[in-house]
Amino acid sequence: MGAEFLVCAAESLLEGGKGIRFPLRAGGEDTTGFVVRYGGKVYGYLNRCAHVPIELDWAEGEFFESSGLYIMCSTHGAIYMPENGQCAGGPCRGGRLRPIAVSEHDDNIYWQPDDYVGPRP
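Keep in mind it's a predicted model, so treat the numbers as computed, not measured.

What counts, and at which threshold
- Residues numbered from 1 in each chain as written.
- Predicted model: local features only at pLDDT ≥ 70, side-chain atom pairs only at ≥ 80, totals over all residues.
- Heavy atoms only, no water.
- Pairing = 2+ DSSP bridges.
- Helix = DSSP H or I, 4+ residues; strand = E, 2+ residues; numbered from the N terminus.
- Disulfide = S-S within 2.5 Å.
- Buried < 20%, exposed > 50% of the residue type's maximum accessible area, 1.4 Å probe, protein only.
- Salt bridge = Lys/Arg side-chain N within 4 Å of Asp/Glu carboxyl O.
- Core = buried A, V, L, I, M, F, W, Y, C linked by side-chain atoms within 4.5 Å.

Undergrad: What's the story with the pairing of strand β8 (residues 99-105) in this structure? I'm lost.
TA: Side-chain direction in a regular strand flips from residue to residue, so the side chains alternate between the two faces of the sheet. Sheet topology note: the strand β4 (residues 41-46)/β8 ladder contains two bridges and is antiparallel. Within β8, the residue paired with Tyr45 across the bridge is Pro99. Where β8 hands over to strand β9 (residues 108-112), the hairpin turn is made up of two residues, of which Asp106 adopts a positive phi near 50 degrees.

Set out below in structure tokens:
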């Protein structure tokens, strides 16, 4: 296993609840990623809408729409399936969220960098 970075304690990420944001660099820019728990699993994505490259959450950590079934962009209403980041409706037109590798172990949640996302210097 390569490098990994702590996001939060596992117990602080509730099923269908608020997501947890974390700082990172993507494509040379400072931005954020986020994790959500859905269907008992943890999923991580770059906090950037596939429609227009802006952050998704309407208030910090608020990624799910009211039913708790979809991640929704607060600006134009694009909705994404939490289990794979695929666009499920709205202006994202077949786009998808950029996944970030995450793992849950030792009562914590971690993210792993790849060729596009990495830690801030």
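Picking up after the structure, the text goes on.
Undergrad: Help me out: how do you make sense of the state of the cysteines in this one?
TA: Formally, a disulfide is one covalent bond, and it connects the sulfur atom of one cysteine to the sulfur atom of another. The full count for this structure, using the stated rule, is one disulfide. A disulfide bridge connects Cys87 with Cys92, and the sulfur atoms are separated by 1.9 Å. When the S-S torsion is 70 degrees, as for the bridge of Cys87 with Cys92, the disulfide is right-handed. Grouping residues by exposure puts Cys87 and Cys92 together as buried. With no disulfide of its own, Cys73 has Cys49 as its nearest cysteine by sulfur position, at a separation of 3.8 Å. In this structure Cys73 comes out as buried when scored by relative accessible area, which is 1%.

Undergrad: Help me out: how do you make sense of the pattern of salt bridges in this one?
TA: Any two side chains of opposite charge can pair, given that their charged atoms come close. Under the criterion given, the structure shown has eight salt bridges. The salt bridge involving Arg21 is made with Asp57; its shortest N-O contact spans 3.0 Å. Taken together, the residues Arg21 in strand β2 (residues 20-26) and Asp57 in the loop between β4 and β5 (71-72) connect sequence positions 36 residues apart. The buried category is assigned to Asp57, whose relative accessible area is 10%.

Undergrad: Looking at this structure, I do not really get the nonpolar core. What am I missing?
TA: A general feature of soluble globular proteins is that nonpolar side chains tend to end up buried together. By size, the foremost hydrophobic cluster in this structure holds 15 residues, and its most contacted members are Phe34, Val36, Leu56, Ile71, Tyr80 and Leu97. Of all elements in the fold, only β3 (29-38) and β4 reach the threshold of two or more residues within this core. Of all hydrophobic cores here, the second largest spans 14 residues; its members include Val7, Ala10, Ile109 and Trp111.

Undergrad: Please explain the pairing of β9 as it appears in this structure.
TA: For β9, the tally of buried residues reaches five of five residues, placing the bulk of the element in the interior. Burial along β9 is two-sided: the residues Asn108, Tyr110 and Gln112 and Ile109 and Trp111 are all buried. In this sheet, β9 lies alongside strand β1 (residues 5-9) in antiparallel orientation, the contact comprising four bridges. Its bridge partner being in β9, Phe5 is matched across the sheet by Trp111. For β8 and β9, the ladder comprises five bridges, and the chain directions are antiparallel. Of the residues in β9, the one forming a bridge with Ala101 is Gln112.

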